[in-house]
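Chain by chain, the residues run as shown.
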Amino acid sequence: GYPLDLDELVDGVDVNDPAELAPIYSGLFTASLNRGELVPMRELAEATMSAAELRPESPVAAIVARYANGVTCWFAGDYLNARVHLEQALAIYDAERDPSVFKASTLDLPSVIMRFLALVLWPLGNIDRSRRLSEEAMRSPTEKRALSEANALVHNAVFDGLCGVHGRMLQQTEAILTIARQHRMPLYIAAGTHLNGLAKWRAGDGAGGLAEMRRGWTLLHESDCYLCEPFWGMQVAVADAEAGQVETGLEILKEQIASAEQTGQRWFDAELHRARGELLLRREPPDVSTAEDAFNRALEIARGQQTRTFELRGALGLARVYYANGRAAAVSGVLAPVLAGFEKGQDLPEIEVAETLLRHIC
């Protein structure tokens with residue numbers, strides 16, 4: 001981190017004019033976000049809200065304030081408040097007749113807000129709307145600059161990686177790398193390299209994909225980028241385990257869980273513990289008792305954050321342990337309540353898997 005002196009940073013700027021403050025705060029916030037620094041993110045989120053309160057009639061200040069506060073909440077694992085802030089940001093944007101007034105960032109801010117809202121809604125169990133938002137943000141950036149395009153592609157690839165969708169990832173990641181190399185954007189080369197490796201690994205190129213993921217992860221650290229750090233690390237850990245390096249994968253997950261405690265980046269905590277449970281079952285012999293504890297911890301976190309999709313994934317892991325160890329009667333008790341929390345007709349493969357398992361034990 002670094003000491004943040006906001007008075008020094010806004011020297012020479014009319015602090016009573018949110019239109020002047022907004023791009024400064026937005027740029028500084030993005031820098032702190034990329035570095036994964038929660039404390040300055042919170043300071044800047046509070047500063048944007050104070051600036052917005054100075055001129056409540058200014059949509060520019062309001063949308064930047066809601067964006068910064070929403071993303072900060074998401075980063076910290078506060079999904080419900082993240083949703084509130086980001087929904088309000090979109091409502092402000094939709095109510096403005098002249099969207100060009102929101103060009104307060106080097107990125108296409110309204111589309112960025114939609115992308116982060118998609119990352120919030122999917123874990124909360126609003127599957128269909130999260131996918132619609134992700135697609136809409138991809139289709140309609142108001143700025144066609146290389147930075148905006150690369151950012152949109154990375155967000156979409158991370159979203160697909162989060163959801164377990166991999167059919168189009170390779171096409172997306174190759175596009176990221178093409179743009180990033182043409183325009184000499186090291187950060188996007190790093191993210192694109194990791195994501196390209198993930199796409200290759202999921203397409204069946206285990207060794208090549210893992211090597212590229214590792215190279216991208218190193219490049220991300222060299223670029224001082226720790227946004228989505230637990231996501232990057234978990235993918236490498238799972239790929240390591242698939243390659244027979246279970247203990248290496250478990251060590252990565254241990255480090256990521258400890259790092260989340262230290263940095264406050266808690267949005268992926270439930271998935272880290274679930275993945276740990278899955279890897280513990282890959283040991284020879286399987287470490288069933290510790291795996292069960294890991295799945296229960298994943299469920300505890302997901303319930304606390306009200307992330308139904310992560311809760312369902314954790315419940316499936318625990319249900320499989322029960323089923324494999326002759327406790328089929330306990331499967332319904334862990335799966336049925338989670339399934340009841342989803343609206344009918346949500347297109348989520350995990351729902352179908354859970355329903356199939358329940359039918360099998362009946």
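Preceding this paragraph is the structure being described.
Calculation notes
- Residues numbered from 1 in each chain as written.
- Predicted model: local features only at pLDDT ≥ 70, side-chain atom pairs only at ≥ 80, totals over all residues.
- Heavy atoms only, no water.
- Axes fitted to C-alpha atoms, helices over the stretch in contact; angles between N-to-C directions.
- Helix = DSSP H or I, 4+ residues; strand = E, 2+ residues; numbered from the N terminus.
- Parallel < 35°, antiparallel > 145°, perpendicular 65-115°, else oblique.
- Left-handed = near helix turned anticlockwise from the far one by under 90°.
- Contact = heavy atoms within 4.5 Å.
- Nonpolar A, V, L, I, M, F, W, Y, C, P; charged D, E, K, R; others polar.
- Buried < 20%, exposed > 50% of the residue type's maximum accessible area, 1.4 Å probe, protein only.
- Salt bridge = Lys/Arg side-chain N within 4 Å of Asp/Glu carboxyl O.

Trainee: Could you give me a rundown of the packing of helix 14 (residues 269-280) against helix 15 (residues 288-305), with the residues and numbers involved?
Mentor: Between helix 14 and helix 15, whose axes approach to 8 Å, the crossing angle comes to 165°. As judged from the angle between their axes, helix 14 and helix 15 are roughly antiparallel. Between helix 14 and helix 15 lies a crossing whose hand is left-handed. Residues Asp269, Ala270, His273, Arg274, Arg276, Gly277, Glu278 and Leu280 of helix 14 form the contact with helix 15, whose participating residues are Thr290, Ala291, Ala294, Phe295, Arg297, Ala298, Ile301 and Ala302. Classifying every residue of the contact of helix 14 with helix 15 by side-chain character gives eight nonpolar, three polar and five charged.

Trainee: I'd love a proper account of the environment of alanine 51, names of residues and values included.
Mentor: If you trace the backbone, alanine 51 turns up in helix 3 (residues 38-54). C-alpha separation for the pair alanine 51 and isoleucine 92, spaced 41 residues apart in sequence, amounts to 16 Å.

Trainee: Outline the environment of arginine 168, listing residues and values.
Mentor: Within the secondary structure, arginine 168 is located in the loop between helix 8 (146-163) and helix 9 (169-182). What makes arginine 168 partly exposed here is its relative accessible area of 28%. Spatially, the C-alpha atom of arginine 168 lies 27 Å from that of threonine 356, the residues being 188 residues apart in sequence. Not counting residues within four places of it along the chain, the set of residues in contact with arginine 168 comprises Glu135, Asn156 and Asp160.

Trainee: Give a description of the pattern of salt bridges that names residues and reports values.
Mentor: Inspection of every chain in the model, using the stated rule, returns 20 salt bridges. Put simply, arginine 283 and aspartate 287 hold a salt bridge, and the shortest N to O gap is 3.2 Å. Residue classification places arginine 283 among the partly exposed residues on the basis of a relative accessible area of 27%. Ionic pairing is found between glutamate 311 and arginine 303, a salt bridge with its closest N-O pair at 3.0 Å. Overall, glutamate 311 belongs to the buried group, its relative accessible area being 13%. Residue classification places arginine 303 among the partly exposed residues on the basis of a relative accessible area of 44%. When salt bridges with common partners are traced through the structure, they connect Glu271, Arg274, Arg313 and Glu350 into a single cluster.

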